[in-house]
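Listed here are the chains, written in short residue letters.
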Amino acid sequence: MLRFFIGALVSLLVLTGFYFMLRLTIPYFSFATDIDFLLTKQSILHIDRWRWSFYVHISSCLIVLITGILQFSKFILKQTPSMHRALGKIYVICVLTLSAPSGLIMGVYANGGFWSKTSFVFISMGWWLFTFQAYRLIKEQQIEKHIQFMIRSYALTLTALTLRLYVLVFPHFFILPAKDMYTLVAWLSWIPNLIIAEILIRYKVFSWKT
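Here goes a summary of the coordinates provided. (Residues numbered from 1 in each chain as written. Predicted model: local features only at pLDDT ≥ 70, side-chain atom pairs only at ≥ 80, totals over all residues. Heavy atoms only, no water.)

1. Considering the packing of aromatic side chains
Evaluation of the coordinates by the stated rule reveals 18 aromatic pairs. Here the aromatic rings of Phe29 and Tyr55 are separated by 6.2 Å at their centres, their planes lie at 50°, and the arrangement is tilted. Taken together, the residues Phe29 in the loop between helix H1 (2–25) and helix H2 (48–70) and Tyr55 in helix H2 connect sequence positions 26 residues apart. The buried category is assigned to Tyr55, whose relative accessible area is 10%. Between the aromatic rings of Tyr91 and Tyr154, the centroid separation amounts to 6.4 Å while the plane-to-plane angle is 50°, which identifies the pairing as tilted. In this pair, Tyr91 is assigned in helix H4 (residues 81–108) and Tyr154 in helix H6 (residues 143–157), connecting sequence segments 63 residues apart. (Phe/Tyr/Trp six-rings, centres within 6.5 Å; stacked < 30°, edge-to-face > 60°. Helix = DSSP H or I, 4+ residues; strand = E, 2+ residues; numbered from the N terminus. Buried < 20%, exposed > 50% of the residue type's maximum accessible area, 1.4 Å probe, protein only.)

2. Side note on H6
In a regular helix each residue adds 1.5 Å, so 15 residues correspond to 21 Å; H6 covers 20 Å between its end C-alpha atoms and thus fits that length. Burial of H6 is extensive: 11 of the 15 residues sit out of reach of the surface. Inspection of H6 places His146, Ile147, Phe149, Met150, Ile151, Arg152, Ser153, Tyr154, Ala155, Leu156 and Thr157 among the buried residues, and these make up the whole buried set. (Expected span 1.5 Å × (residues − 1).)

3. As for the pattern of salt bridges
According to the stated counting rule, one finds three salt bridges in the structure shown. Between Asp48 and Arg51 there is a salt bridge whose closest N-O contact spans 2.5 Å. In this pair, Asp48 and Arg51 are both assigned in helix H2, three residues apart and thus about one turn of the helix distant. A relative accessible area of 44% places Asp48 in the partly exposed class. Between Arg136 and Glu140 there is a salt bridge whose closest N-O contact spans 2.8 Å. (Salt bridge = Lys/Arg side-chain N within 4 Å of Asp/Glu carboxyl O.)

4. What about the state of the cysteines?
Following the criterion strictly, the structure yields zero disulfides and no others. Note on Cys61: no disulfide assigned, nearest cysteine sulfur contributed by Cys94 at a separation of 9.4 Å. Judged by relative accessible area, which is 5%, Cys61 ranks as buried. (Disulfide = S-S within 2.5 Å.)

Shown next as C-alpha cells:
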C-alpha cells in the first residue's frame, strides 16, 4: 500500500509539473526573443546552434516528461504492453537524439559561469548514459536493472521541473548574488533527484514484480 501511495504521489506531482511546464513553454513558440528566460540570453541568441538547441530541448522535454512517467504505469505495462514498448521507444529516441544532445549544447552556454556550465554538462551526459543503459538492458531482458536505470534516467528528466521550482522558490529563502544563486540551483536541480531515485530503487517502489 505504501509503495502504491508513493508511486501515485510521484505521478501526481509530475503531471502537475508537466501542466505548468506546458504553460511556460507555449509562449516560446511565438519565436519572440523577449520572453522570460530568453531575456537572459540576448548576447547569444545569434548563435544558431544554441537557438535551435533551445527550441529542440524545450519541445522534446515535454515529450519525455509525459512518456517517461507513463513508463512506470503498471496498468499500461500489464494491460497494453505494446503501448508500454511504444512509449519507451519514444522516450529513448527523444532523450538520446534530441533532449540530451541539445541540453549538452545549452549547458556549454549556460548562465552562472564555469560551475553552472559544468553541472548542466554533467546532467546531459548522465541523462544520455542512463537512458542508453536502460535501453541496452531491456534488449538483454534484464528487466529489474532496466527499471533501475529508467528511474535514474527519469530522475534527470525531472531536472526540467526541479530547476524551475528552485528558481522560483529559493530567492524567497536565500540572499545570494544572482550568479551564485543560479550555480546553487544548477547543482541542486539534479543531485537530490538522483538520491531520491536511489531510495526508490532500494525499496523497489517501481519493481515489476510487486
